[in-house]
Amino acid sequence: SPLQYSRLSKQYGMDIYLKKEFLQYTGSVKERGVLYLLTSLPQDQQRKGVIVASDSNFSMAVAYHASELHIPVFVIMSTSTSPARVKMCREYGAMVISYGTTAKDSQTHARRLAQENGYLYLEEEDSAVYLSGLGTVGLEVYEQVPKLDAVIFPAGGHCGLLAGSAAALKHLNPLISVIGVESENFPVLQQSLKAGHPIEDQACSNHHFYGDVSALGFGSNSLQLTGKLVDKVVAVREEDILIAMLRLLEYERATVDAEGAIGLAALVAGKLPELKGKRVAIIICSGNLELHLLQQCIARALTLDSRVCRFSLVLSDCPGDISKLLEILAREEARVLDIKQERLFVTSELFTVEVICTLETRDKIHTAQLRNALLERYPTAAWIER
């Protein structure tokens, strides 16, 4: 996959290189481990076929590469799986069966079918073969960027990419710093490293926004490699992930999900000040975000970045007062997204109207300038904080 110098470098004070794994055919780095896993199967098992039970990136990769290798592949998905995912998996060439209302129901059914028909039941684990396939990312990054100082990977519930790539990078150059990033909401890797064994975080959930970041799936091999070879694991807030997604979309035209953006989120949050002035590679590992979630994420990120703001004020209900307000907004070069007028439930004096206005601005400085201009003209204006 391509590894390219990023326009974000100047903004964060370091040379940033983005490893664009989201450009894989199924939009995920998981293809690397899956392809190595499938090609390593005995020929008789390849003839019988494989079966998986989830709507994860891992299952999508199995569906695609098994079909390409002419291995019969069956995917069991719960009835709550989004129609878009079901359709995509079928288009990759898998036989998709909807069963059960939960992931556990689908997994139980898949295991039963595997036992009855001789299919190999696959789930994302940390076998040496799978980790080796994922670790090829580390090999490529080392070859593509000379004199590299650090590489940032997503971590969390599935840290096979981090563990496998750390093994490759540290073997090639022990001085390269390997850093993992997980969500503050699901700090399962940090908790497991502290405990010395994989643990289950009761707060974990397979929320579609977080994807594999919040899933529970790493084993002792991944944990052992991470503890031995990874220099640092940091956690970031949901707000930082959303802003990182926005930065990648604006600066790189890269539409990625939470797992894909979480590495950059560590820089957005200022969690890695020691990397200033260094050469840093970030693994953008996944780009499978459902369209309805993408729309919500962009809208929320713009608000968090102080580029969508809202205020309310009370005006006399006279001709021309609204146009005067709009003239100020036009002069300040703010884009009006929405404007509402409330007359019936205004509690101030008679013949007044409450105006609620939603605006888009360039950045935080522009927002502050706009706020000052409005307060100067309308001292009672109320700025509605996010």
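Here, the structure is the one placed above.
Residues numbered from 1 in each chain as written. Predicted model: local features only at pLDDT ≥ 70, side-chain atom pairs only at ≥ 80, totals over all residues. Heavy atoms only, no water.

Asks: Break down the overall build of the protein for me, with residues and values.
Replies: The helix and strand tally for the protein stands at 15 helices and 14 strands. Taken along its principal axes, the extent of the C-alpha atoms in the protein is 85 × 50 × 35 Å. Within the protein, buried positions represent 52% of all 386 residues. When contacts within the protein are restricted to residue pairs at least 6 apart in sequence, those whose partners lie at least 24 apart make up 71%. Only carbon and sulfur atoms are counted for the fraction: they give 52% of the accessible area of the protein, which is about 18500 Å². The protein carries 39 positive and 45 negative side-chain charges, and their two centres are separated by 3 Å. (Helix = DSSP H or I, 4+ residues; strand = E, 2+ residues; numbered from the N terminus. Buried < 20%, exposed > 50% of the residue type's maximum accessible area, 1.4 Å probe, protein only. Contact = heavy atoms within 4.5 Å. Areas by Shrake-Rupley, 256 points an atom, 1.4 Å probe, with all protein chains shown as cover. Lys, Arg positive; Asp, Glu negative; His and termini not counted. Charge placed at Lys NZ, Arg CZ, Asp CG, Glu CD.)

Asks: Run through the nonpolar core, naming residues and quoting values.
Replies: Core analysis: the biggest nonpolar cluster contains 50 residues, and Val50, Val75, Val151 and Phe153 have the highest contact counts within it. The biggest single contributor to this core is helix α4 (residues 57–68), with seven residues. With near-sequence residues (within four places) excluded, Val75 lies in contact with Val52, Ser54, Ala63, Cys89, Ala94, Met95, Val96 and Ile97. Counting 44 residues, the second-largest nonpolar core is a separate cluster that includes Val234, Ala265, Ile282 and Leu289. (Core = buried A, V, L, I, M, F, W, Y, C linked by side-chain atoms within 4.5 Å.)

Asks: Tell me about the sheet that holds strand β6 (residues 120–121), residues and numbers included.
Replies: Strand order in the open sheet formed by four strands is β5-β4-β3-β6, with parallel pairing between adjacent strands. For this open sheet the edge positions go to β5 (95–98) and β6, each flanked by a neighbour on one side alone. Of the pairings in the sheet, the one linking strand β4 (residues 73–77) to β5 comprises four bridges and is parallel in character. Across the sheet, residue Met77 finds its bridge partner in β5, namely Ser98. (Pairing = 2+ DSSP bridges.)

Asks: Tell me about the sheet that holds strand β13 (residues 352–360), and name the residues and values.
Replies: Either a parallel or an antiparallel arrangement is found when strands of a sheet pair, and the pairing is made through backbone hydrogen bonds. Taken in spatial order, the four strands line up as β12-β13-β11-β14 in an open sheet, and their pairing is antiparallel. Edge strands, defined here as strands with exactly one partner in the open sheet, are β12 (335–342) and β14 (382–384). Direction aside, the axes of adjacent strands within the sheet are offset by 20° on average. With seven bridges joining them, β12 and β13 adopt antiparallel strand pairing. Note on β13: the bridge partner recorded for Glu342 is Glu354. Across the sheet, helix α14 (residues 321–331) is in contact with β11 (308–316), β12 and β13; its angle to β11 comes to roughly 150°. The strands touched by helix α15 (residues 364–377) are β11, β13 and β14; relative to β14, the strand with the most contacts, the crossing angle is about 155°. (Axes fitted to C-alpha atoms, helices over the stretch in contact; angles between N-to-C directions.)

Asks: Can you lay out the packing of helix α11 (residues 238–252) against helix α13 (residues 291–304) for me, pointing to particular residues and giving the numbers?
Replies: Where α11 meets α13, the closest approach of the two axes is 9 Å, and the angle between their N-to-C directions is 105°. Of the possible angle classes, the one that applies to α11 and α13 is roughly perpendicular. Residue-level inspection shows Glu239, Leu242, Ile243, Met245, Leu246 and Leu249 of α11 in contact with α13, the latter providing Cys297, Ile298, Arg300, Ala301, Leu302 and Leu304. Within the contact of α11 with α13, the residues separate by chemical class into 10 nonpolar, no polar and two charged. (Parallel < 35°, antiparallel > 145°, perpendicular 65-115°, else oblique. Nonpolar A, V, L, I, M, F, W, Y, C, P; charged D, E, K, R; others polar.)

Asks: How would you sum up helix α5 (residues 83–92)? Please name residues and give values.
Replies: Within the span of α5, buried status applies to Arg85, Val86, Cys89 and Tyr92. For α5, the arc enclosing every buried residue in end-on projection is 125°, short of the 170-degree limit, so these residues lie on one face. Opposite the buried face of α5, by more than 90 degrees, sit the exposed residues Pro83, Ala84, Lys87 and Glu91. Buried-residue contacts for α5 involve α4, β4 and β5. Where α5 ends, the next residue or the one after it, Gly93, has phi of about 115°, a positive value. (Arc of directions from axis to C-beta.)

Asks: I'd like a description of the side chain of Ser56, backed by residues and values.
Replies: Note that Ser56 resides in the loop between β3 (50–52) and α4. For Ser56, the side chain forms a polar contact with the side chain of Ser54, separated by 2.9 Å. (Polar contact = N/O pair within 3.5 Å; in protein donor to acceptor, adjacent residues only side chain to side chain.)

Asks: Explain the packing of aromatic side chains to me, and be specific about the residues and the numbers.
Replies: Tallied over the entire structure, the rule returns seven aromatic pairs. Note on Phe58 and Tyr130: the rings are 5.7 Å apart at their centroids and 80° apart in plane angle, and the pair reads as edge-to-face. With Phe58 in helix α4 and Tyr130 in helix α7 (residues 128–144), this pair connects stretches of sequence that are 72 residues apart. As far as burial versus exposure is concerned, Phe58 and Tyr130 are alike and both buried. A connected cluster of aromatic rings, assembled from ring pairs, spans Tyr25, Tyr64 and Tyr92. (Phe/Tyr/Trp six-rings, centres within 6.5 Å; stacked < 30°, edge-to-face > 60°.)

Asks: I'd like a rundown of unusual backbone geometry, residues and numbers included.
Replies: If you check the backbone angles, His70 has positive phi at about 60° while not being a glycine. Checked against the element boundaries, His70 lands in the loop between α4 and β4.

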